[in-house]
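Coordinate inspection notes
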Amino acid sequence: MYALIVPASTPFVLLAVVMALSWWEDRILPTSPIEPAEPPAEAPFIPAAPARLPQLLGVESTLTNATPDHDRLP
C-alpha cells in the first residue's frame, strides 16, 4: 500500500513546486523594472534587390514533355 503513495502523489508534488515557484517569483524577486540607459539602435532594413522567383513550367508543357512521342494517342 505504501508503495503506491509515491507514484500517486508525484503530480501533486510537482504542482505544489510550480505554484511555490510562481509565488516566489511574484513576491520575493524584485519587481522594479530595470530600464536600459538608451534604447537599442535599429538599423534600417533596406533589401538589396527584390527576390526573383524561378519560372515555373506550365502543366501542359510538363505533361507533354514527360511522355515519349510513341505513347501519345492520335
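Residues numbered from 1 in each chain as written. Predicted model: local features only at pLDDT ≥ 70, side-chain atom pairs only at ≥ 80, totals over all residues. Heavy atoms only, no water.

1. Concerning the overall build of the chain
Summing up its helical and strand segments, the chain has 2 helices and 0 strands in all. Per-residue burial for the chain yields a buried fraction of 0% across its 74 residues. When the accessible surface of the chain is totalled, it reaches about 8,000 Å², and 69% of it is carbon and sulfur. (Helix = DSSP H or I, 4+ residues; strand = E, 2+ residues; numbered from the N terminus. Buried < 20%, exposed > 50% of the residue type's maximum accessible area, 1.4 Å probe, protein only. Areas by Shrake-Rupley, 256 points an atom, 1.4 Å probe, with all protein chains shown as cover.)

2. Description of helix H1 (residues 5-27)
Here H1 spans 32 Å end to end across 23 residues, near enough to the 33 Å set by a 1.5 Å rise per residue. Of all the bends in H1, the greatest, near 35°, is centred on Pro 11. (Expected span 1.5 Å × (residues − 1). Bend = angle between axes of the 7 residues up to and from the residue.)

3. Overview of a nonpolar patch on the surface
A contiguous nonpolar patch, built from Val 13, Val 17, Leu 21, Trp 23, Trp 24, Ile 28 and Leu 29 and spanning about 670 Å² of accessible area, is present on the exposed surface. Structurally, Trp 24 can be placed in helix H1. (Patch = residues over 30% accessible without salt bridge, like charges linked within 9 Å, V, L, I, M, F, W, Y side chains within 5 Å. Salt bridge = Lys/Arg side-chain N within 4 Å of Asp/Glu carboxyl O.)

Scope: geometric values only; no functional claims are made or implied.
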